[in-house]
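Each chain, letter by letter, is given below.
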Amino acid sequence: MILTESIGVIGTGKMGTSLVRGLLKEKLVKPDQIFAYDILEDIPMKLAKDTGINVALNNLQIVEQCTIVFICVKPQVFETTLQKLQTKFTNDHLVISIVAGVPLITIERLTGTARCVRVMPNMALQVGEGAAGFSLGTRNDNRDAEIVELVFGSLGKVFQFPEYLLDAVTGLSGTGPAYVFVLIEALTDGGVLVGLPRQEAFILSAQTVMGAAKLLLEQNVHPGVLKDAIMSPGGTTASALQLMEARGFRSILIDAVEAATKKSQFLGQNNLLLSDR
Ligand SMILES: NC(=O)c1ccc[n+]([C@@H]2O[C@H](COP(=O)([O-])OP(=O)(O)OC[C@H]3O[C@@H](n4cnc5c(N)ncnc54)[C@H](OP(=O)(O)O)[C@@H]3O)[C@@H](O)[C@H]2O)c1
């Protein structure tokens, strides 16, 4: 399925820009179908120069011109941005918010009669390897779910969840790239410690993480199966894993996901949308 609708993007920061580039790279839309606006005018201008999309004069033009509207602004400005547009949305609009911590009830309240979807993607959609969860609002039909699955499925993996689980998605895959960046940085330091030059150690670390993940996803087996395949009796892997178990490597990661999930719940419930995503 290719999208025939006109697509609006409100906020072309890191995520909005990645989304536009991803949609075009996957050929889901043509450049002239996309209208983007950002308070920082230079960003959509540059994007337009690179890709041929349209720069909207303002957010109102996006709502008037587009039937699918992605909201990609920071949580702190979500309400003020949409308040000005509230009466312009109709049920012909599909509003897809990727804004962390803003619940569907708020999105629906601020978008008139539009059909609304809340998505929690992650940064890796920039390279077509994102991981996202989404929830439908109260006014959607199946086609809306198909559109979200098409867009975010083209930019990685996507699953539908009841909304209360989006905090868990935030804690796992929304925030998760940061955990992996720390992992890669630490592996690199380990490589340097044992004598490797830093740049080569970094590439070896990042490639190892990517290769291991690819193997797992392609072979679709339990991680323990592949771990066992590497771990020979009395070998190097066994020594390393003994140390990782003793230092609580697994429980640190489990606790990290739980901590981020709880923080996401807390910020959402208390309307403290000072998100770092
Ligand atoms: N980055 C991630 O890894 C990640 C992951 C999951 C979800 N998200 C969500 O994605 C959203 C965007 O994140 P981001 O990292 O792309 O943020 P970002 O780089 O700060 O981009 C947001 C852009 O929106 C602009 N903006 C502010 N008010 C606007 C308005 N009224 N109309 C149009 N544009 C406006 C901002 O300009 P100013 O800088 O001048 O305000 C900025 O250029 C956030 O809500 C975040 O929660 C991000």
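Residues numbered from 1 in each chain as written. Predicted model: local features only at pLDDT ≥ 70, side-chain atom pairs only at ≥ 80, totals over all residues. Heavy atoms only, no water.

## Remarks on the overall build of the chain
Reasoning step 1: Across its full length, the chain carries 12 helices and 8 strands.
Reasoning step 2: By principal-axis analysis of the C-alpha atoms, the chain measures approximately 70 × 40 × 35 Å.
Reasoning step 3: Every one of the 277 residues in the chain was classed for burial, and the buried ones make up 42%.
Reasoning step 4: About 15,400 Å² of surface is accessible on the chain, with carbon and sulfur atoms providing 61% of the total.
Reasoning step 5: Charge centroids of the chain, computed over 24 positive and 27 negative side chains, lie 2 Å from each other. (Helix = DSSP H or I, 4+ residues; strand = E, 2+ residues; numbered from the N terminus. Buried < 20%, exposed > 50% of the residue type's maximum accessible area, 1.4 Å probe, protein only. Areas by Shrake-Rupley, 256 points an atom, 1.4 Å probe, with all protein chains shown as cover. Lys, Arg positive; Asp, Glu negative; His and termini not counted. Charge placed at Lys NZ, Arg CZ, Asp CG, Glu CD.)

## Thoughts on the pairing of strand E8 (residues 156–160)
Reasoning step 1: Across 5 bridges, strand E7 (residues 130–136) lies against E8 in parallel orientation. Directly across from alanine 131, in E8, lies its bridge partner lysine 157. (Pairing = 2+ DSSP bridges.)

## Re the packing of aromatic side chains
Reasoning step 1: For the structure shown, the criterion picks out 2 aromatic pairs.
Reasoning step 2: With 6.4 Å between their ring centres and 65° between their planes, phenylalanine 70 and phenylalanine 152 make a pair best called edge-to-face. Pair noted here: phenylalanine 70 is in strand E4 (residues 68–71) and phenylalanine 152 is in helix H6 (residues 142–154), with a separation of 82 residues, a long-range link.
Reasoning step 3: Since its relative accessible area comes to 1%, phenylalanine 70 is described here as buried.
Reasoning step 4: Classification of phenylalanine 152 by relative accessible area gives buried; the value is 3%.
Reasoning step 5: Taking the centre distance of 6.5 Å and the plane angle of 55° together, the rings of phenylalanine 159 and phenylalanine 161 count as tilted. (Phe/Tyr/Trp six-rings, centres within 6.5 Å; stacked < 30°, edge-to-face > 60°.)

## Some words on the domain arrangement of the chain
Reasoning step 1: Split by domain assignment, the chain resolves into domain 1 (7–161) and domain 2 (176–267).
Reasoning step 2: Here the C-alpha centre of domain 2 lies 33 Å away from the C-alpha centre of domain 1. (Domains from an automatic or database assignment.)

## Let's talk about the sheet that holds E4
Reasoning step 1: Spatial strand order, E3-E2-E1-E4-E5-E6-E7-E8: 8 strands in an open sheet with mixed pairing. If you trace the sheet from one side to the other, it starts and ends with strand E3 (54–55) and E8, each paired once.

## With respect to unusual backbone geometry
Reasoning step 1: In the Ramachandran plot, lysine 27 falls in the positive-phi region, its phi being about 55° despite a non-glycine side chain.
Reasoning step 2: Turning to its location among the elements, lysine 27 is positioned in the loop between helix H1 (14–25) and strand E2 (34–37).

## Observations regarding the side chain of threonine 111
Reasoning step 1: Mapped onto the secondary structure, threonine 111 falls in the loop between helix H5 (104–109) and strand E6 (115–120).
Reasoning step 2: Classification of threonine 111 by relative accessible area gives buried; the value is 0%.
Reasoning step 3: Beyond its immediate chain neighbours, meaning those up to four positions away, threonine 111 contacts Leu82, Gln86, Phe89, Val95, Cys116 and Arg139. (Contact = heavy atoms within 4.5 Å.)

## Comments concerning H6
Reasoning step 1: A rise of 1.5 Å per residue sets the reference length of H6, with its 13 residues, at 18 Å; its end C-alpha atoms lie 18 Å apart and thus fit the reference within 8%.
Reasoning step 2: Listed as buried for H6 are Asp144, Ala145, Ile147, Val148, Leu150, Val151, Phe152 and Ser154.
Reasoning step 3: The elements touched by buried residues of H6 are H1, E4, strand E5 (94–97), E6, E7 and E8.
Reasoning step 4: Count one or two residues on from H6 and you reach glycine 156, which has phi positive near 145°. (Expected span 1.5 Å × (residues − 1).)

## Here's the deal with the nonpolar core
Reasoning step 1: With 33 residues, the main nonpolar core has Ile7, Ile34, Phe70, Ile96, Val119, Val151 and Phe152 as its most contacted residues.
Reasoning step 2: Here this core gets 6 residues from one element, more than from any other, and that element is H6.
Reasoning step 3: Ranked by size, the runner-up nonpolar core spans 22 residues in total, among them Ile62, Phe78, Val95 and Cys116. (Core = buried A, V, L, I, M, F, W, Y, C linked by side-chain atoms within 4.5 Å.)

## Concerning the pattern of salt bridges
Reasoning step 1: Here the structure, examined in full by the defined rule, presents 10 salt bridges.
Reasoning step 2: Between glutamate 79 and arginine 109 there is a salt bridge, with its nearest N and O atoms 3.3 Å apart. Of the two residues, glutamate 79 is situated in helix H4 (residues 75–83) and arginine 109 in helix H5; the sequence distance between them amounts to 30 residues.
Reasoning step 3: Looking at arginine 109, the relative accessible area reads 46%, which means it is partly exposed.
Reasoning step 4: Residue glutamate 258 pairs with lysine 262 through a salt bridge whose shortest N-O separation is 3.7 Å. In this pair, glutamate 258 and lysine 262 both sit in helix H12 (residues 249–269), 4 residues apart, roughly one turn of the helix. (Salt bridge = Lys/Arg side-chain N within 4 Å of Asp/Glu carboxyl O.)

## Here's the deal with helix H8 (residues 176–193)
Reasoning step 1: With 18 residues, H8 ought to run about 26 Å at 1.5 Å a step, and its terminal C-alpha atoms sit 26 Å apart, in line with that.
Reasoning step 2: Every buried residue belonging to H8 is among Gly176, Pro177, Ile184, Thr188 and Gly191, and all of these are buried. Down the axis, H8 shows its buried residues gathered within 115° of arc, on one side only. When the buried face of H8 is taken as reference, the exposed residues oriented beyond 90 degrees from it are Val182, Glu185 and Leu193.
Reasoning step 3: Each element contacted by the buried residues of H8 is listed here: helix H7 (166–174) and helix H9 (198–219). (Arc of directions from axis to C-beta.)

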